[in-house]
Amino acid sequence: MADTSTHEQFDPLATGGMRRRITSKGIVYGALSVFALIYIAPLLIILLNTLRPLEDIVRTGFIALPDAETMTLRYWGEAWGSFCIGGTCEGVSRFYKNSLLMTIPATILSTMIGLLNGYILSKWRFRYDGLIFGLITLGVFMPQQMTLLPWAFVLGKLGLSNTIAGLVFVHTVQGISFTTLFCRNYFVSIPDDLIKAARIDGAGFWRIFRRIILPLSPPIVIVTVIWQFTGIWNEFLFGTVFTSGGNQPITSAIVAFSGSGTGERHYNIEAAAVIMAALPPLFIYIAGGKYFVRGLTQGAVK
Amino acid sequence: MSSLTIKDLRKSYGEVEVLTDINLEADSGEFIALVGPSGCGKSTLLSIIAGLESVTSGEVKIEDRLVNNDAPKDRDIAMVFQSYALYPTMTVRENMTFGMECRNIPKAEQKDTVARVADLLQIGPLLDRKPSQLSGGQRQRVAMGRALVRDPKLFLFDEPLSNLDAKLRIEMRSEIKKLHNRVGKTTVYVTHDQVEAMTLASRIAVMFKGVLQQYDTPKEIYERPRNKFVAGFMGSPTMNFLNAKVVQSDAGFGVTIDGGDGTILPLPADHTANLAAGQSVIFGVRPEHFNPVHAHRGDTSARMKVLVDMVEPTGAETILMTTVAGQDVVASVEPDDAPKEGETIELAINMSKVCLFDPSTELRLSA
Ligand SMILES: Nc1ncnc2c1ncn2[C@@H]1O[C@H](COP(=O)(O)OP(=O)(O)O)[C@@H](O)[C@H]1O
Ligand SMILES: [Mg+2]
């Protein structure tokens, strides 16, 4: 898992009498194990249910171990490729594709704009720069629900209602608040003298960005990419409100087919779909989590 | 030809004026030091010369061309920063070629220039390292190298040695001096260290609170400071300032220390213009212009009885912390002449070197 330690571990239980050490360690490990179980239990239950036939689930309930004889992986396949949702029998794969088509461009665009905004707001002085930064970051604290109506209006005007492109647009703009805040706060730790030296060397706005700022940016790019990717992938309100049918991202599609109420519930297939939907953010976090913590806690130039 | 001219320059940040009426010029090839306590506006003035800050009013000319509105890159200057400001992701070589790359200088020429400068500064073996792999002194050299790869009209240094340890600082100081003698470019050098200013500069501009106090040769600044601030800032240990009165006798003008035993310290005749008997003055004597009477070789007619509170040997000289009539006097004497703590001794004063200041305007009185 993500390695968050940046210093030698301090062990407060390393000294004291033998009895005290044993009891205190027991308490620490006991409490941590209980919480770990509470967190892991839902995931475990869902995972086990993907392996169980429907009759088994209906008969013995959600919380039971799979029967060795009937246990199968076929519900994963069905969930991915052949399960019927809204009359189309293609499983969640096409919604998965929608989610990727939405998340990847929106992550890249919002990160790039955030880098540029952060550079401008931290390294160039202009009139009302503080005010503009304040307004941009206001978006961080704005409840999503408040933006629904304005977005519906804008998407309608742009002819982007019920399109993936519309969702990319919404998520890019919404994401700029975060990416700008992250990048600007990261870039303020880059000494202004570097910019001054570059200006004396004859570099202009873009050359300084390309040659000085961007090469220092990988830690904060990792932070914003993880943040944006997981946030946009997991987001479901905009997807549900602004798209329908075959244009929905996976989060909204899962809600749509599991909550539709008509007919029989396929708990095992739903469970497999839910886990599939959770995999990309999990993967991104495991791959980059270490850098995420470092990027947030470390300045640009040591 | 004057290489840099600053005329009636003012700079304000909003309501706050950080530079007031600065007038300064540097001849071609001259080494100018801007010196003053922290926060007095030295870096701001340098940034204005570099074009990194705008002027509020006044003129900046480089080789008689008005550059007030020119961008830094069009001013033909090179600058060394206190923090060195080396680009952390580039190698030493890339740091040095970045400016040439911006000016579209052909690759072959870039290479030759880097080789020449690396040779001059002996940083050849470092060319492929990153700044983080260099020691403080090496970074300092690279920062100078980056400035030297262009052939500017003006070199600007902003406290380039203040991040080095004492020994290295003295080494680099003499290297800068040698380099300047070799390259012969007009240089403006900011420092808060008066020793650096004295040793390097052909002229020193002493600044305080955004005002240029005095602009003169090191000798003039040291011997004939225009006011009490300049007198106190230049020199270490700092000049003694004693409250005193002017007296007149048959022998001419003299001073007596306030609250003292009334001993008259006779002033040389050429120090007495604009003085009136009974006038209050601040009597300024540098520590090295005191000498224990028993060891003094010259004229000892001006003597002062002091109580030695503390003796601080530094090796080359010994500093005496003394008091006379409740006022502190610091004297520096030959180690062999040093008295013991608690002794009362007589100090002879070299009266031809003393300064008198007006207590209210703090300007130097005598010629
Ligand atoms: N961008 C700025 N905005 C407002 N005040 C500033 C700014 N830059 C410098 N100052 C002020 O100008 C004064 C002179 O600063 P500076 O030139 O850096 O002094 P020095 O280099 O002599 O230590 C200081 O009081 C500082 O607070
Ligand atoms: Mg400064």
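Residues numbered from 1 in each chain as written. Chains lettered and ligands numbered in written order. Predicted model: local features only at pLDDT ≥ 70, side-chain atom pairs only at ≥ 80, totals over all residues. Heavy atoms only, no water.

Draft legend 1. The arrangement of the overall build of chain B in detail. Per the secondary structure count, chain B includes eight helices and 20 strands. With the C-alpha coordinates of chain B rotated into their principal frame, the extents come out at 80 × 45 × 35 Å. Split into buried and exposed, the 367 residues of chain B put 51% on the buried side. Sequence-distant contacts, at least 24 apart, represent 66% of the contacts inside chain B between residues at least 6 apart. Split by element, the accessible area of chain B, about 16200 Å² in all, is 48% carbon and sulfur. If the 41 positive side-chain charges of chain B are averaged to one point and the 49 negative ones to another, these points end up 7 Å apart. (Helix = DSSP H or I, 4+ residues; strand = E, 2+ residues; numbered from the N terminus. Buried < 20%, exposed > 50% of the residue type's maximum accessible area, 1.4 Å probe, protein only. Contact = heavy atoms within 4.5 Å. Areas by Shrake-Rupley, 256 points an atom, 1.4 Å probe, with all protein chains shown as cover. Lys, Arg positive; Asp, Glu negative; His and termini not counted. Charge placed at Lys NZ, Arg CZ, Asp CG, Glu CD.)

Draft legend 2. Broad picture of the sheet that holds strand 14 (residues 280-285) of chain B. Residues and elements named next belong to chain B. Spatial strand order, 13-12-11-14-20: five strands in an open sheet with antiparallel pairing. The strands lining the two open edges of the sheet, one partner per strand, are strand 13 (265-266) and strand 20 (355-357). The pairing of strand 11 (residues 240-249) with strand 14 spans six bridges and is classified as antiparallel. The partner of Ala244 across the bridge, within strand 14, is Val281. (Pairing = 2+ DSSP bridges.)

Draft legend 3. Representation of the side chain of A:Ser217 in the model. By the secondary structure assignment, A:Ser217 is in the loop between helix 9 (205-213) and helix 10 (218-234). Apart from residues lying up to four places away in sequence, A:Ser217 is in contact with A:Leu115, A:Tyr186 and A:Phe187.

Draft legend 4. Structural detail: the pattern of salt bridges. Under the definition given, this model contains 30 salt bridges over all chains. In this structure, B:Glu101 engages A:Arg207 in a salt bridge whose closest nitrogen and oxygen atoms are separated by 3.4 Å. Highlighted residues: B:Glu101 in helix 2 (residues 92-102) and A:Arg207 in helix 9, drawn from two different chains. Between B:Lys42 and B:Glu159 there is a salt bridge; the shortest N-O distance is 4.0 Å. With a gap of 117 residues between them, B:Lys42 in helix 1 (residues 42-50) and B:Glu159 in the loop between strand 7 (154-158) and helix 5 (166-183) connect regions that are remote in the sequence. (Salt bridge = Lys/Arg side-chain N within 4 Å of Asp/Glu carboxyl O.)

Don't take any of this as a statement about function, it's just geometry.
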